[in-house]
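A structural walkthrough
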Amino acid sequence: MNRTLKIYIFLLVILVAGVIYVDAVRPKPVDWSPSYVLRDKIPFGLYVFDQESKTILPKRNIEKVRKSAYEFLDENYDYSQDVDSYKVKGTMLSICDTYIIDDESTKEIFYFVSHGNTAFISTQNLPEIFTDSLNIKLDADYDFKSQIDCWLANPSLGTQKYDLTKGGNNAYFSSIDTLTTTILGYQIGKDNKRVNFIKVPYKKGNFYIHLQPN
């Protein structure tokens, strides 16, 4: 092997090593995928929320449900003749980008809420059975811009506006039953102030619906 070839090989090794080093030390790009999965540590994953949930809700018994709502609630329903209720009580929490749920689970959630429980759903969309049963309508801003401000309706809970530069969506409540529904939050995109968070009573319980899961 002549001297010139050795030099070329040496320079090639140096170049490859340099590329590997630069790739290893440079900051990794942020993954902004809207996963809302408990194990994901990305910005729109729920790992931090999962780890901090017992601190945030210290007096609550938190149970992670890894089956359909119908399966979970049906097996926790008391079918005794003198009892018409569930063995579990409290709040069902669902955070997702797109709310996809089977009909049986939907009916079971409504039945669960009707017994004095709560369902908190944060998503960009809702099945028709929700909008019809709760007398609400959703729409979308076509002049939407990705950066929006969100804030709570009750000033006693704080007046800060949260600037969402990533992951915001254009969904909002275009119609609600003002006699029964409580507005809990707003958002503003380009020009228009929109309702994005509401509380809707349903028989003995309540639905909390939020349209900005990020």
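Cut-offs and rules
Residues numbered from 1 in each chain as written. Predicted model: local features only at pLDDT ≥ 70, side-chain atom pairs only at ≥ 80, totals over all residues. Heavy atoms only, no water. Helix = DSSP H or I, 4+ residues; strand = E, 2+ residues; numbered from the N terminus. Buried < 20%, exposed > 50% of the residue type's maximum accessible area, 1.4 Å probe, protein only. Contact = heavy atoms within 4.5 Å. Areas by Shrake-Rupley, 256 points an atom, 1.4 Å probe, with all protein chains shown as cover. Patch = residues over 30% accessible without salt bridge, like charges linked within 9 Å, V, L, I, M, F, W, Y side chains within 5 Å. Salt bridge = Lys/Arg side-chain N within 4 Å of Asp/Glu carboxyl O. Lys, Arg positive; Asp, Glu negative; His and termini not counted. Charge placed at Lys NZ, Arg CZ, Asp CG, Glu CD. Phe/Tyr/Trp six-rings, centres within 6.5 Å; stacked < 30°, edge-to-face > 60°. Expected span 1.5 Å × (residues − 1). Core = buried A, V, L, I, M, F, W, Y, C linked by side-chain atoms within 4.5 Å. Pairing = 2+ DSSP bridges. Right-handed = clockwise from strand over helix to strand, strands pointing away.

Across its full length, the protein chain carries 5 helices and 11 strands. When the 214 residues of the protein chain are sorted by exposure, 31% land in the buried category. The long-range share in the protein chain, meaning contacts at least 24 apart out of those at least 6 apart in sequence, stands at 57%. As displayed, the protein chain offers around 14,400 Å² of accessible surface, 53% of which is attributable to carbon and sulfur atoms.

A cluster of acidic residues, Glu71, Asp102, Asp103 and Glu104, forms a negative patch on the protein surface. As for its position among the elements, Asp102 is in the loop between β3 (91-95) and α4 (103-114).

Below, the discussion takes up the packing of aromatic side chains. Under the criterion given, the structure shown has 14 aromatic pairs. Their ring planes at 70° and their centres at 4.8 Å tell us that Tyr77 and Tyr79 sit as a pair that is edge-to-face. A residue is classified by how much of its surface remains accessible, and Tyr77, at 11% relative accessible area, is buried. According to the relative accessible area criterion, Tyr79 is exposed, its value standing at 58%.

On to α4. The terminal C-alpha atoms of α4, which comprises 12 residues, lie 17 Å apart, in line with the 16 Å expected from a rise of 1.5 Å per residue. When we look at burial in α4, the residues that qualify are Ser105, Thr106, Glu108, Ile109, Phe110, Phe112, Val113 and Ser114. Trailing α4 by a residue or two, Gly116 shows a phi angle of about 100°, which is positive.

Evaluated as defined, the whole model comprises 2 salt bridges. With a shortest N-O distance of 3.1 Å, Asp50 and Lys64 are connected by a salt bridge. Taken together, the residues span a long stretch of sequence, with Asp50 in helix α2 (residues 47-56) and Lys64 in the loop between α2 and α3 (69-75) at a distance of 14 residues. Owing to a relative accessible area of 15%, Asp50 belongs among the buried residues under this scheme. With a closest N to O distance of 3.1 Å, Lys67 and Glu75 form a salt bridge.

All right, on to unusual backbone geometry then. A positive phi angle, close to 60°, is found at Asn135, a residue other than glycine. Mapped onto the elements of the fold, Asn135 is located in the loop between α5 (128-133) and β5 (137-140). Relative accessible area serves as the criterion here: at 47%, Asn135 is assigned to the partly exposed category. With a phi close to 55°, Lys203 is a non-glycine residue in the positive phi region.

Moving on to the environment of Lys204. Following the sequence through the fold, Lys204 ends up in the loop between β10 (193-202) and β11 (205-210). With a relative accessible area of 69%, Lys204 lands in the exposed category. Each residue touching Lys204, except ones within four places of it in the same chain, is listed here: Val113, Ser114, His115 and Gly116.

Below, the discussion takes up the nonpolar core. The biggest cluster of nonpolar side chains holds 30 residues, and the ones touching the most others in it are Ile109, Leu134, Phe207 and Ile209. Elements with a minimum of two residues in this core: α3, α4, β4 (118-122), β8 (171-175), β10 and β11. Leave out the neighbours within four places in its chain, and Ile209 touches Ile121, Leu126, Leu134, Ile136, Phe173, Asn196, Phe197 and Ile198.

Attention now goes to the pairing of β4. When you tally the buried positions in β4, you get 4 out of 5 residues, the bulk of the element. By the bridge criterion, 5 bridges tie β3 to β4 in an arrangement that is parallel. Pairing of Thr91 across the sheet is with Thr118, part of β4. You can see the chain leave β3, run along α4 and come back into β4, and the turn it takes is right-handed. Both β4 and β11 contribute to a ladder of 5 bridges, which runs parallel. Each bridged residue has a counterpart across the sheet, and for Thr118 the counterpart in β11 is Asn206.

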